[in-house]
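# Chain and residue survey
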Amino acid sequence: MGTSVTLTGSNLTGTSGVSFNGTAATTFAVVNATTVTATVPTGATTGNVTLTTPNGTSSGVAFTVNPPTNNALAFDGVGAYVHVSTALPATSLFTLEGWVNPTSLNNGFNVLLNGDNFPTGTVHCQFLNNGQLRFTISGMTDMDSPFTVPLGRWSHVAVVYSATSQTLQFYLNGTLTGGTLSYPGGIAVASQTYSLGAWLSGSPQRFFTGRYDEVRVYSAALTAANIQADMFSTNASVPGSQVAYYNFDQGTAGGNNAGFTSLPDQTSNGHTGTLTNFALTGTTSNWVRSFPTITGISPTSGKSGTGVTVTGTNLTDATSFAFNGTAVTPFTTPGSDLTAVLTAPQYVTTGPVSLASATLTAYTGPVFTLVNDLVVTTTQSIPADSYSSLTVQSGGNGTLAGDVMVSGPIVVNSGGRLADGCNLFTGSGSFTLNAGGTLDICRPRGILSGPGTALGNIGAVRVLGARTYSSDASYSYSGGQSQDTGDGLPGQVRNFLVATSTDLSLTNPLAVTQVLTLSGAGNLTTGGKALTLLSSSAGTALVVNSGTGVINGATTAQRYIDGSLNAGLGYRHFGAPVSGATVASLGTATSGFTPVLTPAYNTSATPGTTTPFPNVFAYDETRLATTTNNLSAFDKGFVVPAATTTTLANGQGYAVNIAAGQTVSFTGTAFTGDLTKSLSRGTDANAGWALLANPYPAPLDYSLVANADRSNLDAAVYVVQSSGQYMGSYRSYVNGIGGNPVLPTAQGFFVRVSAGQTSGSLTFHNAQRLTAVNATAFQRTTADLRPQVQLDLAGNGLADAFTAYAQDGATAGFDTRYDAVKLPNSTGLNLASATATDNLAIDGRPAFTAGLVLPLAVGVPAAGTYSLSATTMANLPAGLAGFLTDAQTGQTTQLSPGTSYRFSVTAAQATSLLTGRFSLRFGPQTALATVPVLTAELVSVYPNPAHGSFAVLVPGVAQATSVQAELLNTLGQAVRRQSAALPAAGTTLTVETANLAAGVYTLRLTAGATVLAKRVVIQ
């Protein structure tokens, strides 16, 4: 090979001969005692060296001559070709690929590979005069590629044939071009010898002009991925099917190559080629420099517009570089054969690098990526630039300052917000808005699902990758010109904000699960597309009208019926949150509820016997004075609407007997703005009640209803809570007392014109509405320091509450601003304070002082055991305590949070309210730890009468560390006896009475020197 090899060792001075693998070196010279130089003979590239010296023969020294690499073979187009005398195997699957750089059309033919003979099944491929790659099997139709291979530059070409599927594919630079073509006939490729660069069996003979490199033949139909893998690798993509592989790296580029006359097959299949008619000197018909190669690209910074280092071979030939087809400016001439420092153009983040050299027009190297990952965690502006990825984390709030190009994923995570700033998201990347994230759109066409040609292609998100928009994310539109939501907006969203200055139009139907906000001057125009405010057990969507914009078009507002207190049929109080809905709207319930309207109910003397019994009622307080029937005074006000076409007036309430777990839909114009409901009070003592409803598609906070909004009305509001088909209780709220003041969407409620007034009114304002889902508002923004006591009456699976509180300005009588009267519960279980004129569910007093007594009115539905419990005991003056007294048993129980008193009611007692038996009184707090002796007032026994067991509350007694309890029958015999430690704070004993005969017993307590007896009745 003419390559000088240096041999090192010892005692080499007398060396008389050198041979490589048994072939004498053509020339050798003894340099000194340790060094010999020799020229490796032709064909010797690896093996053993044998030395002849005066002292004998030495052999076995392994050597390897590394041939020059990255070369190609230049064909002169006159007569040079490579012949392979070992036949290719017959195959039904065939792939030929390689790098070609044709420099001339050569009279229309530029042959790559051709069989030596023309029997049926012979394969040959050639370039035609139009530059197309031709594939031919003798006896079948010629097929030409749909692309033209350019002259004077390197291109990678491949042809894939399958006799099995009778198809043909052409590839240019790793890309399938023209799709899969039908190639009927299905003839397998015949076994034959062949030539590279020549067609010798025709007349005239045809030859290839140009450069040829990296040629592979497969007995397989390669895929696009296989071909792309082969383009820049010396490893076979399908090793077991590679028949022949020629890398053309054997000769010395431009040198004296007389000894390099063979083209080795890099596989083990022995398809070695013989170079024929090559000059083997110079570059016309000889081994030549192959194209420059790029082996790696490493950005020296993470952003575009900065230095990028390209590494490879033969780079000194490069005259220009391009990233993704965009020329590099500036371009620094490589300082060595291995590296070039470039500057990436703006927005180019990923793709192939192309270079041009003095010997070729362009070569495309491996893919590069400029890493510029942006993670947004705070509020920030996002500069116009190219990014490899863009991620907005929870708490992040990013706004584009200009167009951005992103090659990788754009991701908005839960709690993050990304705004387009009226700019574009472009690039080859993807876009993902995850659940809980927010996307703000300013572009006129909103969000597009694809390129958006039909919509003008001016949507904000124009990335080429997949676009994913979560149905549980929030979407905001903030443009300054007319906008469309875009066909990419999901049909369901979590929150939807219209912050535009002009109208926003729905492209497709839209459903909102939480909040729809109109904060700007622009309207939301439905254009006939369905707009739905969803409601479910998870919550009900609401509308916030904080700007001047409104919803133009129909809105469907849903109301889910919660079944936590009553899962079956029961009266629910409804009102329409939209204008234009009718009674028929109630029939939209998901389980098929049908309104039953029987007008005969309104005039019947016994309305309860009306059949079919109606299930929809309005309320008219004037009926109390004009209607004669057997109903209670309050119930006379219920009236059946005339027809299902009757409009559900905004702000008007309706009682509907409907099952829980259903969703009712009201469709019409979403109500917003002020609404005043005019009310009256007739002459009947129970008159003045009005069944109203929240008129808005949003919760209303009744604590925000000012006194000026309630002309001549009591301040209290009453909300029914269903507990059975015809049973329910009223939740009262007044002056910050009574629990939650929120009236959900479509919730009905009662108010009352004050006594002494003939008319009144209630005015609704947008400012009374809530603006957040599940928000709970309180009248007082600071801690409520008013003294409060809440008692709960429970039994028979039912419960009711009464609250007393202290308020400056309140009186002992009914106060319209501070008290709530007791609306009798249809369950029969009722608890209230009894005043001279009214029973009160909420009783405001000027102060809690020692000696204050609040008589209680207790109603129960049937005989049985019930309990009165202290749920709240808050802010009582120092030293003051609350006590519950049962006049029937003589028991007085000091109250503390959680204290419960059990009592029994007979069937006769249950027929009417119990008044005079129970009272809530206030007095000095008992200092239990300093009681010198036990007294009857200090010991509580409950329930008494007892059934099954009773509890004994014993205070701490001075000088006593334990207490003994004995239960004696009428004969003085102890039927129960137990003892317990008695700490200073006192203790509670539980005495079991099971299996004891009913009757009167004596409870004897002994604590230290004190003995106390109390009477106990066991039922």
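Residues numbered from 1 in each chain as written. Predicted model: local features only at pLDDT ≥ 70, side-chain atom pairs only at ≥ 80, totals over all residues. Heavy atoms only, no water.

## Quick notes on the overall build of the protein
Heads up, the rule is: Strands here mean DSSP runs of E at least two residues long; helices mean DSSP runs of H or I at least four residues long; both are numbered from the N terminus. Any residue under 20% of the maximum accessible area for its type is buried, any over 50% is exposed, and the rest in between are partly exposed; the area is computed with a 1.4 Å probe on protein chains only. Contacts are residue-level and defined by heavy atoms, with any inter-residue pair within 4.5 Å sufficient. All accessible-area figures derive from a Shrake-Rupley calculation using a 1.4 Å probe, and residue coverage is judged against the displayed protein chains alone.
What the protein contains, in helices and strands, is two helices and 90 strands. Looking at the protein as a whole, 52% of its 1019 residues are labelled buried. The contacts of the protein with a sequence gap of at least 6 include a subset with a gap of at least 24, amounting to 62%. By element, 52% of the accessible surface of the protein is carried by carbon and sulfur atoms, the whole surface being about 39,600 Å².

## Quick look at the sheet that holds strand S58 (residues 569-574)
As a reminder of what qualifies: Paired strands, in this sense, are two strands between which DSSP finds at least two bridges.
One open sheet accounts for four strands, arranged S58-S62-S60-S61; its pairing is antiparallel. Strands at the two margins of the open sheet, each flanked by one partner only, are S58 and strand S61 (638-639).

## Regarding the state of the cysteines
In protein structure, a disulfide is the covalent linkage between the sulfur atoms of two cysteines. Heads up, the condition is: Counting rule for disulfides: a pair of cysteine sulfur atoms within 2.5 Å.
Tallied over the entire structure, the rule returns one disulfide. The residue that forms a disulfide with Cys422 is Cys442, at a sulfur-sulfur distance of 1.5 Å. One end of the pair, Cys422, is in the loop between strand S41 (417-419) and strand S42 (425-426); the other, Cys442, is in the loop between strand S44 (438-441) and strand S45 (467-469), with 20 residues separating them in the sequence.

## As for the pairing of strand S71 (residues 748-752)
Burial of S71 is extensive: five of the five residues sit out of reach of the surface. Burial of S71 is two-sided: the residues Gly748, Phe750 and Arg752 facing one way and the residues Phe749 and Val751 facing the other way are all buried.

## Topic: the sheet that holds strand S13 (residues 133-137)
One open sheet holds the eight strands; their spatial order is S14-S13-S12-S11-S19-S9-S25-S24, and the pairing between them is antiparallel. Both outer strands of the open sheet, strand S14 (143-144) and strand S24 (262-263), are each paired with one neighbouring strand and no more. The pairing of S24 with strand S25 (residues 273-276) spans two bridges and is antiparallel. Bridged to Ser262 within S25 is Thr274.

## What to know about helix H1 (residues 224-231)
What counts, and what does not: As used here, the arc is the angular range of directions from the helix axis to the C-beta atoms.
Among all positions in H1, only Asn226, Ile227, Asp230 and Met231 are buried. What you see down the axis of H1 is that its buried residues fit within an arc of 140°, all on one side.

## Regarding the environment of Phe814
Note on placement: Phe814 falls in the loop between strand S74 (798-806) and strand S75 (820-821). Along the backbone, Phe814 and Thr835 are 21 residues apart, and their C-alpha atoms lie at a distance of 7.9 Å. In this structure Phe814 touches Asp714, Asp819, Ala820, Val821, Asp838 and Leu840, once residues within four positions along its chain are discounted.

## A few points about the layout of surface pockets
We count it as follows: The pocket and cavity definitions rest on a 1 Å grid over protein atoms only: a 1.4 Å probe that fits but cannot leave marks a cavity, an open set with protein on both sides within 12 Å along at least five of seven lines marks a pocket, and residues lining either have an atom within 4 Å of a point. Grid points are joined across faces, edges and corners, and a volume is the space filled by probe spheres set on the points. Each residue is assigned to one of three groups, with Ala, Val, Leu, Ile, Met, Phe, Trp, Tyr, Cys and Pro labelled nonpolar, Asp, Glu, Lys and Arg labelled charged, and all others, Gly among them, labelled polar.
One number sums up the size of the largest pocket: a volume of about 1,100 Å³. Of all the elements, strand S69 (residues 727-733) adds the most residues to the lining of the largest pocket, at four residues. Broken down by class, the residue content of the lining of the largest pocket amounts to 25 nonpolar, 15 polar and four charged. Estimated volume of the second largest pocket: approximately 890 Å³. Taken together, 34 residues make up the lining of the second largest pocket; nearest its centre are Arg559, Tyr560, Asp562, Pro744 and Gln747. Elements supplying a minimum of two residues to the lining of the second largest pocket: strand S54 (539-540), strand S57 (555-560), S58 and strand S68 (717-724). Split by residue class, the lining of the second largest pocket holds 16 nonpolar, 14 polar and four charged.

## Notes on the nonpolar core
Among soluble globular proteins, nonpolar side chains are generally buried collectively. The following threshold applies: For our purposes a nonpolar core is just a set of buried Ala, Val, Leu, Ile, Met, Phe, Trp, Tyr and Cys residues, chained together by side-chain atoms within 4.5 Å.
Within the largest apolar cluster, 91 residues are counted, with the highest numbers of intra-cluster contacts made by Phe431, Tyr475, Phe496, Leu516, Phe666 and Phe750. Those residues in contact with Leu516 that sit more than four places away from it in its chain are Phe496, Leu524, Leu531, Leu533, Leu542, Val543, Val544 and Ile551. Counting residues in hydrophobic clusters, the runner-up holds 46 residues, among them Phe75, Leu96, Val157 and Leu196.

## A closer look at the pattern of salt bridges
Our working rule: The rule for a salt bridge is simple: a side-chain nitrogen of Lys or Arg has to be within 4 Å of a carboxyl oxygen of Asp or Glu.
Tallied over the entire structure, the rule returns 13 salt bridges. With a shortest N-O distance of 3.0 Å, Arg134 and Asp142 are connected by a salt bridge. Of the residues examined, Asp142 reaches a relative accessible area of 32% and is grouped as partly exposed. Residues Arg1004 and Glu966 are paired through a salt bridge, measuring 3.0 Å at the closest nitrogen-oxygen approach. Here Arg1004 is found in strand S89 (residues 999-1007), whereas its partner Glu966 is found in strand S86 (residues 962-968), with 38 residues between them in sequence. Here the salt bridges do not stand alone but share partners, grouping Glu97, Arg216 and Asp230 into one network.

## Digging into the pairing of S69
Most of S69 sits out of view: six of its seven residues are buried. Here S68 runs beside S69; their pairing, made up of seven bridges, is antiparallel. Paired with Val717 across the strands is Tyr733, a residue of S69. Counting the residues that bridge the hairpin from S68 to S69 gives two residues.

## Description of the packing of aromatic side chains
We count it as follows: For this analysis, a ring pair means two rings from Phe, Tyr or Trp (six-membered ring only for Trp) whose centres lie within 6.5 Å, classed as stacked if their planes differ by under 30 degrees, edge-to-face if by over 60, and tilted for the remaining angles. We call a charge positioned over a ring when the NZ of a Lys or the CZ of an Arg lies within 6 Å of the ring centre and within 35 degrees of the ring normal.
Inspection of the entire model under this criterion finds 39 aromatic pairs. Cation over ring: Arg216 sits above Tyr245, and NZ or CZ is 4.1 Å from the ring centre.

## Focus: the side chain of Asp116
We apply this condition: As used throughout, the charge tally considers Lys and Arg to be positive and Asp and Glu to be negative, leaving His and the chain termini uncounted. N or O atoms within 3.5 Å of each other form a polar contact, as long as, within protein, one can give a hydrogen and the other can take it, and as long as residues adjacent in sequence are counted only when both atoms are side-chain atoms.
Tracing the chain through its elements places Asp116 in the loop between strand S11 (110-115) and strand S12 (123-127). For the buried Asp116, which has no salt bridge, the nearest side chain bearing the opposite charge is Arg206, at an N-O separation of 15 Å. In this structure the side chain of Asp116 is engaged in a polar contact, spanning 2.5 Å, whose partner is the side chain of Thr193. At 3.4 Å, the side chain of Asp116 forms a polar contact with the side chain of Ser195.

## Things to note about the confidence of the model for the protein
Where we set the bar: pLDDT is a per-residue confidence score from the predictor, ranging from 0 to 100.
Looking at the protein as a whole, the pLDDT averages 86, with 88% of positions reaching at least 70. Below pLDDT 50 for its whole length, residues 452-457 participates in seven contacts with residues either more than four positions away or in separate chains. The low-confidence segment residues 775-782, where pLDDT is below 50, has 16 contacts with residues more than four positions distant or belonging to other chains.

## Brief notes about unusual backbone geometry
A negative phi angle characterises most non-glycine residues, just as the trans form characterises most peptide bonds. Following Thr611, the chain continues into Pro612 via a peptide bond in cis, with omega recorded as -15°. When you line up the elements, Pro612 lands in the loop between strand S59 (578-579) and strand S60 (616-619). One non-glycine residue, Asn712, adopts positive backbone phi at about 60°. Secondary-structure assignment places Asn712 in the loop between strand S67 (710-711) and S68.

## Some points on the environment of Asp674
On the secondary structure map, Asp674 appears in the loop between strand S63 (663-670) and strand S64 (675-680). On the accessibility criterion, Asp674 (55% relative accessible area) is exposed. Distance from Asp674 to Phe764, taken between C-alpha atoms, is 5.5 Å for residues 90 residues apart in sequence. Leave out the neighbours within four places in its chain, and Asp674 touches Tyr696, Phe764, His765 and Asn766. There is a polar contact of 2.9 Å between the side chain of Asp674 and the side chain of His765.

## With respect to the side chain of Arg681
One can find Arg681 in the loop between S64 and strand S65 (689-693). Within the buried set, Arg681 has no salt-bridge partner at all; the shortest N-O distance to an opposite charge, 5.4 Å, is to Asp714. A polar atom in the side chain of Arg681 sits 2.7 Å from the backbone oxygen of Val753.

## A look at the environment of Asn712
By relative accessible area, Asn712 is classed as partly exposed at 33%. Separated by 47 residues in the primary sequence, Asn712 and Ser759 place their C-alpha atoms 7.0 Å from one another. Apart from the residues lying within four places of it in its own chain, the contact partners of Asn712 are Val753, Ser754, Gln757, Ser759 and Gly760. Here the side chain of Asn712 touches Gln757 through a polar contact of 3.4 Å, side chain to side chain.

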